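Read off the chains here:
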Amino acid sequence: AQSVTQLGSHVSVSEGALVLLRCNYSSSVPPYLFWYVQYPNQGLQLLLKYTTGATLVKGINGFEAEFKKSETSFHLTKPSAHMSDAAEYFCAVSEGGADGLTFGKGTHLIIQP
Amino acid sequence: EPEVTQTPSHQVTQMGQEVILRCVPISNHLYFYWYRQILGQKVEFLVSFYNNEISEKSEIFDDQFSVERPDGSNFTLKIRSTKLEDSAMYFCASREGTAYGYTFGSGTRLTVV
């Protein structure tokens, strides 16, 4: 069975600083990996995904993530944080097929002015 | 941009009552899912549905839960006899194929009193 670990339930960065949200996964097969963002009282919005191919994936709002098989990681980064990035971020893994997603516990991103 | 639509946005029900949560997935999507998020906790997979049958379900999805796609557009989650611990945000999701991202609805907040 797959699992996801997100290091840091809360991450605080200054506006304009680098954002790094960590995600490690375990999977018995090559995984499909996803990052979702959730703003207060809203649903989940897909930021980016990795299925196959290029290991560096670019998403919306300037975010990107790199799949590192050797480290079983899929960390999310953004070069320069914006106040509007404040939200809850969830990393998720799927083992393909019709499988549902297994989510991490989420990281609350706080942006300091 | 196509959306997954969930109704109602908020439902309050008495313990022991049956409740039906409704979802309209994106029209050309083939895979359908229900997830739940208890307040302050991570998103948990409940069930996946493909080709008019359940393809996977979690241990949460016990005999109290059922899903149905009664026509070509709706996808419903029924909870037969609600318990206090069923209070959560329920998200519907769909996707076009196995290499695609999951598109989530805005959720139904279920409160069992």
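Just above, that's the structure.
Quick summary incoming for the structure in this document. (Residues numbered from 1 in each chain as written. Chains lettered and ligands numbered in written order. Predicted model: local features only at pLDDT ≥ 70, side-chain atom pairs only at ≥ 80, totals over all residues. Heavy atoms only, no water.)

1. Points about unusual backbone geometry
Rule in force here: Counting from the N terminus, the helices are DSSP H or I runs at least four residues long and the strands are E runs at least two residues long. Remark: exposure states derive from per-residue accessible area (1.4 Å probe, protein chains only) relative to the maximum for the residue type, with buried under 20%, exposed over 50%, and partly exposed in between.
With an omega of -10 degrees, the peptide bond between B:Thr7 and B:Pro8 qualifies as cis. Tracing the backbone shows B:Pro8 in the loop between β1 (5–7) and β2 (10–13). Look at A:Thr72: it is not a glycine, yet its phi comes out positive at around 45 degrees. Relative to the helices and strands, A:Thr72 resides in the loop between β7 (64–68) and β8 (73–78). Take A:Thr72: its relative accessible area is 31%, and that puts it in the partly exposed class. Of note, B:Asn51 is a non-glycine position whose phi angle comes to about 55 degrees, a positive value. With respect to the helices and strands, the residue B:Asn51 is situated in the loop between β5 (43–50) and β6 (53–57).

2. With respect to the layout of surface pockets
Our working rule: In this analysis, the protein atoms alone were mapped onto a 1 Å grid. Cavities are point sets where a 1.4 Å probe fits without being able to get out; pockets are open sets with protein on both sides within 12 Å along at least five of seven lines; lining residues have an atom within 4 Å of a point. Grid points are joined across faces, edges and corners, and a volume is the space filled by probe spheres set on the points. Charged means Asp, Glu, Lys or Arg here, nonpolar means Ala, Val, Leu, Ile, Met, Phe, Trp, Tyr, Cys or Pro, and polar covers whatever is left, Gly included.
In this model, the largest pocket occupies a volume close to 710 Å³. Taken together, 29 residues make up the lining of the largest pocket; nearest its centre are A:Leu44, A:Gln45, B:Pro2, B:Thr103 and B:Phe104. If you tally residues by element for the lining of the largest pocket, the top one is strand β5 (residues 44–50) of chain A, at 3 residues. Residues belonging to the lining of the largest pocket are distributed by class as follows: 11 nonpolar, 13 polar and 5 charged.

3. Topic: the interface of chain A and chain B
Selection rule: The contact rule is simple, with two residues in contact once any of their heavy atoms fall within 4.5 Å. Accessible area that two parts lose when put together, with a 1.4 Å probe and added across both, is what the buried area reports. N or O atoms closer than or at 3.5 Å make up a polar contact, with two conditions inside protein: a donor-capable atom paired with an acceptor-capable one, and, for residues adjacent in sequence, both atoms drawn from side chains.
On the side of chain B, 20 residues touch chain A, which itself brings 20 residues to the contact. Summing both partners gives a buried area of about 1,600 Å² for chain A against chain B, and 57% of it is carried by carbon and sulfur. In terms of surface lost to chain B, no three residues of chain A exceed A:Leu44, A:Ala98 and A:Phe103, which account for 30% of the buried area on that side. Along the contact surface separating chain A from chain B lie 8 residue pairs in polar contact (both at pLDDT 80 or more). Elements that contribute at least two residues to the side of chain A that touches chain B include exactly β4 (32–38), β5 and β9 (87–94) of chain A. When residues in the side of chain A that touches chain B are grouped by element, the largest group, 4 residues, is from β4(A).

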